[in-house]
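Architecture at a glance
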Amino acid sequence: MKTSYLICFVLLIVLHIGFGENGSTPPSTSPKKRMKNKGARKNSANRKSRRQPTDQALPLAAPATKMPLIIADDQFINVFDSAIGLGEQELSYNVLPEKKGHCSANGMIMYDKAVWSPKPCITCLCSNGKTICDETVCPALKCPKTIIRQGECCPVCIDIEPNDPSIEELMPSPRTQAEMDELLRREEEEHREEEEEIQRKEKEEQRKKERKREREEKEQKELEARRKEEEELEKIIEENKRKAEEEEQLRIEEEQQKQKEEEEQRKEEEERKREEKKRQEKKKQQERAREEEEEEDDDEPDEEDPLRGDVFRSPSSPFPDELSPVPAPLPLGCFISDITVSCSFAKLRTIPAVVDVKIKSFDLLGNFITSIPNEAFHGMPNLERINLGKNNLTTLSIGPGAFVTLKHLKRLYLDGNALVQIPTHLPSTLEELKLNDNNIRAIDDVILQEMPNLVTLELEGNHLSEGNVDPLAFQPLKSLSYLRLGRNKFRTIPQGLPASIEELHLEHNQIEEISETSFNQTNNLHTIVLRHNMLEESRIAPLAWIYHETLESIDLSYNKLVHVPSYLPKPLLHLVLMGNQIERIPGYVFGHMEPGLEYLYLSFNKLVSDGMDPVSFFGAYHSLRELFLDHNDLQNVPVGLEDMKALQTLRLNNNKIRSVSPNCFCNTEDEDEDSNLEDVHLENNYIRTRDISPYAFQCIKSYSSIVLKPQYVK
């Protein structure tokens with residue numbers, strides 16, 4: 001009984017305390033209404049957090065840490081993290097044991113549906129044993145000053161009165177100098193960041209404009225290149241058209257000439273037939289006259305009748321008149337002119353039989369002749385020149401006695417056939433032998449022994465190399481002065497060249513090196529052609545040709561040179577270096593030459609202005625006549641041109657030259673001295689012709705010799 005009394009007493013105390021707290025707590029909204037305004041409160045809280053310092057002049061109560069809410073069966077389930085007694089330690093014991101549906105708060109038992117406020121602006125609800133708490137959202141105020149009155153959770157607007165001590169207590173203390181400096185520093189950083197962002201955007205915009213301009217320039221260049229290609233293509237088409245017209249005109253003229261020759265030949269044939277007919281008729285008349293005389297002699301007496309004064313009778317000849325031999329008719333397409341028989345491109349398959357001792361030249365170029373029998377030229381023993389080029393001759397198809405009877409033969413042309421070796425049994429009188437474009441694969445040491453008078457030997461376009469040409473092969477040719485071995489497979493200069501040789505052609509081979517002994521025996525050599533090989537300046541021996549006393553012309557075009565080679569021959573006059581990769585002209589490279597270089601061709605290289613200086617042409621200022629520097633990468637007109645007194649032709653076109661200074665070509669100190677320049681090319685550069693000084697070309701005699709247009713526009 002006492003226990004039941006005690007329980008009732010405790011319940012009354014709890015109810016009294018709960019009603020007291022409810023009376024001092026503002027009414028809270030219902031759970032459903034709080035759920036509807038949840039989004040608005042969230043947005044308001046966000047706006048509140050972004051409010052300026054003026055809105056937070058007075059201190060506000062710290063809001064509770066809010067956790068997500070879960071809705072189940074139209075009721076709020078508490079998911080707040082210890083919302084009851086925030087900032088306080090929860091009691092670890094209960095006065096009374098909890099019952100089902102009750103809630104415990106700060107050691108007190110709350111019935112189901114009970115509402116209480118543990119702190120200002122926080123309202124809690126007991127729902128089926130779960131405590132649900134919510135925070136009251138204060139409305140946004142626009143007044144400059146606010147205050148939170150005692151017992152309330154939301155601020156209210158107040159009017160400021162002068163010298164009001166209560167307001168001064170609520171007003172925040174003024175900022176210190178350090179705070180003001182920090183605020184200014186932050187503002188400056190924000191301003192600097194804004195300026196950096198603006199500059200970054202401006203730079204990005206500038207880069208975009210640059211890229212756009214570069215793209216437009218590239219398109220312009222491509223358009224210009226395309227236009228040039230089209231112009232070049234048009235020029236090529238026009239040139240081809242012109243050549244085709246010329247070829248057609250030439251063909252028509254040849255046909256007309258051929259028809260004329262055929263007509264003349266036909267007339268000659270008819271004339272010969274008429275002459276032959278006349279001779280036969282004359283012969284018949286003579287025979288009849290002899291028969292009549294014989295008959296008269298038989299009828300008359302033996303003694304001779306006295307002659308009458310009015311009768312004349314020539315004595316009869318015991319032999320008939322001698323008749324000149326009748327030559328066989330020539331095939332169609334052949335004709336005889338003075339001492340020449342021409343059968344070029346007459347579609348012949350055999351050599352026609354011609355009998356005439358006066359013939360000295362026989363032209364059989366461009367036919368289908370497959371063999372030369374031993375008796376082919378017996379009717380023309382005085383032949384001096386035979387052209388059998390572009391036929392179908394092989395080595396075995398030439399008879400061993402085909403040329404033996406020709407004791408005066410000096411020139412034999414066998415180009416463009418299918419020979420695999422040099423024909424044997426050739427006349428020792430030969431002075432010129434051409435065997436270009438055959439299949440000759442070897443030259444031994446005896447094949448040329450029978451031609452001591454040979455002056456010119458051409459063997460281009462075969463399969464010769466240093467491995468299949470005997471070092472003694474050319475030794476018997478004591479008179480040889482002109483040798484062509486281009487378009488073969490030589491990797492080095494052939495050995496055993498005769499001392500008499502003057503001009504050597506080795507273009508379009510695979511020559512990589514010139515040793516010191518390559519030209520030791522060729523003391524009379526004056527011209528070497530080595531274009532289209534694989535030569536580098538480091539593979540040319542210093543003593544290869546520097547002491548040659550007669551070497552005046554060297555062609556090293558289209559090799560692998562990166563600068564003008566040193567140790568060039570002293571007497572060199574003519575140097576061709578086009579189509580290499582030359583970037584510079586070393587100083588004093590021409591300084592040792594005597595009497596001095598006259599012709600220098602450096603077109604189609606990679607020369608830049610920094611690769612040349614005044615000492616680059618030292619030794620050639622007084623002698624140079626032609627200087628070709630076109631199709632390079634020069635940015636300026638080379639210095640020192642005004643000192644080249646003998647210069648007549650200068651090509652600087654197709655470079656990257658942008659200006660012409662007044663003293664590039666003329667010496668401004670000596671205004672009366674005239675230049676010898678007769679041909680100056682400066683077109684296809686980047687020169688603004690309007691900016692050229694009127695004194696730039698004052699020393700050149702004729703302005704018509706200066707080519708300035710067209711220029712590239714950039």
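Look a little higher up for the structure.
Residues numbered from 1 in each chain as written. Predicted model: local features only at pLDDT ≥ 70, side-chain atom pairs only at ≥ 80, totals over all residues. Heavy atoms only, no water.

**A word on the overall build of the protein**
Defined as follows: Segments assigned H or I by DSSP are reported as helices when at least four residues long, segments assigned E as strands when at least two residues long, and all are numbered from the N terminus. Think of it in three bands: with a 1.4 Å probe and only protein chains considered, a residue is buried below 20% of the maximum accessible area for its type, exposed above 50%, and partly exposed in between. By definition, residues are in contact when any of their heavy atoms lie within 4.5 Å. Working definition of accessibility: Shrake-Rupley area with a 1.4 Å probe, residue cover restricted to the visible protein chains.
What the protein contains, in helices and strands, is 5 helices and 26 strands. Within the protein, buried positions represent 35% of all 714 residues. Within the protein, contacts between residues separated by at least 24 positions form 52% of all contacts whose residues are at least 6 apart in sequence. Accessible surface computed for the protein: about 45,300 Å², of which carbon and sulfur atoms make up 50%.

**So, the state of the cysteines**
Counted only if it meets this: Cysteine sulfur atoms are paired as a disulfide whenever they come within 2.5 Å of each other.
Under the definition given, this model contains 4 disulfides. Two residues share a disulfide in this structure: cysteine 103 and cysteine 126, whose sulfurs sit 1.9 Å from each other. Between cysteine 103 and cysteine 126, the S-S torsion sits near 85°, and that sign places the bridge as right-handed. Within this pair, whereas cysteine 103 is found in strand β3 (residues 103-105), its partner cysteine 126 is found in strand β6 (residues 122-127), the two being separated by 23 residues in sequence. Each member of the pair, cysteine 103 as well as cysteine 126, carries the same accessibility label: buried.

**Remarks on unusual backbone geometry**
Residue proline 595 is reached from glutamate 594 by a cis peptide bond, and omega for that bond is 10°. Tracing the backbone shows proline 595 in the loop between β21 (574-576) and β22 (599-601). The omega torsion of the bond from lysine 709 to proline 710 falls at 5°, within 30 degrees of zero and hence cis. Here proline 710 shows up in the segment after β26 (706-707). Backbone geometry places aspartate 338, a non-glycine residue, at a positive phi of 60°. The topology assignment puts aspartate 338 in the loop between β10 (335-337) and β11 (340-342). The phi dihedral of histidine 508 falls on the positive side, at around 55°, and the residue is not glycine.

**Examining the packing of aromatic side chains**
The cut-off we apply is this: The pairing test for Phe, Tyr and Trp rings, Trp by its six-membered ring, is centres within 6.5 Å, and the orientation test on the planes gives stacked under 30 degrees, edge-to-face over 60, and tilted for anything in between.
Under the defined criterion, the tally for this structure stands at 7 aromatic pairs. Taken together, a centroid distance of 6.1 Å and an interplanar angle of 15° make the contact between phenylalanine 519 and tryptophan 545 stacked. Residue phenylalanine 519 is located in the loop between β18 (503-505) and β19 (527-529), and its partner tryptophan 545 is located in the loop between β19 and β20 (553-555); the two are separated by 26 residues in the primary sequence. The same class applies to phenylalanine 519 as to tryptophan 545, namely buried. Note on tyrosine 686 and tyrosine 712: the rings are 5.4 Å apart at their centroids and 45° apart in plane angle, and the pair reads as tilted. One end of the pair, tyrosine 686, is in the loop between β25 (679-681) and β26; the other, tyrosine 712, is in the segment after β26, with 26 residues separating them in the sequence. Exposure remark for tyrosine 712: the relative accessible area of 21% places this residue in the partly exposed category. Following the ring pairs from residue to residue traces out a cluster consisting of Phe362, Phe377 and Phe403.

**Things to note about the pairing of strand β5 (residues 115-119)**
Rule in force here: Being paired, for any two strands, means DSSP has found at least two bridges between them.
Two strands pair when backbone bridges link them, and β5 and β6 are joined in this way by 3 bridges, in the antiparallel orientation. When the bridges of β6 are listed, lysine 119 appears paired with isoleucine 122. Here β5 folds back onto β6, and the loop between the two strands holds 2 residues, one of which, cysteine 121, carries a positive phi near 65°.

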